[in-house]
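# Structural overview
The chain contents come next:
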Amino acid sequence: MSVDLHLHTTASDGRCTPQELVDRAASAGVTAMAVTDHDTTAAVAEVQALAGARGIDAISGIEITAIEAGRDVHILGYFIDPGNAQLVGFLSRQRAERIARVKAVGDRLSQLGVPIDITPMLARAEEDAGRSIGRPQIARAMVAAGHVADTREAFDRWLATGRPAFVPRVGAPPEEVIPLVRGAGGLTSLAHPGQTAIDTRISELCVAGLDAIEVYHPDHDSASTERYRQLASRLGLLVTGGSDFHGDPSHGSEPGSVTLPDDAWLRFRAAAPHG
């Protein structure tokens, strides 16, 4: 098996359409996958249909941005019901906050003498209410305007936490997001904990209902992977993993480049609330 449970499409900040994502996953030999777009399930049904036609087991997924002490904490949700009313309402509010933040970052960049045209991304978000926008699209606009060489430079110089154009996000804490996902029939996993750096809070998130840790991720070296694998075992948590593929040339991962071991996948699949 080749299991990749962290993938993005154009419904959020990925560069591949659902069709392109499934084609690339199939070419890479992926046998099970989940599209986990930021704060939207807009691509889930299409990816599941396309993947199923290629013999790939595609489960529903999402990556929700929670806020902890002013910084992002990404909670992955799997096996969710995309039509769950509470989830739908919450995600709509999340995407509205994203639009407001994009406008604020655009204003900040103009004040800093690094203007970009955010009109096209705002128009796309308004045309498609399920589309989620954020800093990656801003970074691409900065590349197109000639302000930076690539999106990584855009974040390193301007958009990352503490950089000149950073605007804090508004959002719900992890303790609110976790039960929301579970209420929609899903399992939750803390995304890329090596990047989030809230290790001391993980046991508290378990009390809130956290089901798993994303142990396998491109940002985790072998030592980090082993540390989080042991932590999951100690806390009685399941394990997830994936490539976090966005299709961005400045981030080298491809579908299936980081995968979840077979035994971990079988345990996770068996824990699905709907069997």
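In what follows, the structure referred to is the one given above.
Residues numbered from 1 in each chain as written. Predicted model: local features only at pLDDT ≥ 70, side-chain atom pairs only at ≥ 80, totals over all residues. Heavy atoms only, no water.

## Re the packing of aromatic side chains
- Applying the stated criterion across every chain, the model contains 2 aromatic pairs.
- Arranged with centres 5.6 Å apart and planes meeting at 40°, the rings of phenylalanine 79 and phenylalanine 268 form a pair that is tilted. One end of the pair, phenylalanine 79, is in the loop between β5 (71-78) and α3 (85-111); the other, phenylalanine 268, is in helix α11 (residues 262-270), and 189 residues separate them in sequence. Grouping residues by exposure puts phenylalanine 79 and phenylalanine 268 together as buried.
- Three or more aromatic residues joined by ring pairs form one cluster here, namely Tyr78, Phe79 and Phe268.
- A cation over a ring is seen here: arginine 227 above tyrosine 228, with NZ or CZ 4.8 Å from the ring centre. (Phe/Tyr/Trp six-rings, centres within 6.5 Å; stacked < 30°, edge-to-face > 60°. Helix = DSSP H or I, 4+ residues; strand = E, 2+ residues; numbered from the N terminus. Buried < 20%, exposed > 50% of the residue type's maximum accessible area, 1.4 Å probe, protein only. Lys NZ or Arg CZ within 6 Å of the ring centre and 35° of its normal.)

## Some points on the pairing of strand β2 (residues 32-35)
- Residues of β2 alternate between two faces, with Ala32 and Ala34 on one and Met33 and Val35 on the opposite face, all of them buried.
- When strand β1 (residues 3-7) meets β2, the two strands line up parallel, connected through 3 bridges. Paired with aspartate 4 across the two strands is methionine 33, which belongs to β2.
- Following the backbone out of β1, through helix α1 (residues 18-27) and into the adjacent parallel β2, one traces a crossover that is right-handed.
- Across 3 bridges, the pairing between β2 and strand β3 (residues 57-59) is parallel. Bridging from a neighbouring strand, alanine 34 pairs with isoleucine 59 of β3.
- Read from β2 through helix α2 (residues 44-53) to β3, the crossover connection turns out right-handed. (Pairing = 2+ DSSP bridges. Right-handed = clockwise from strand over helix to strand, strands pointing away.)

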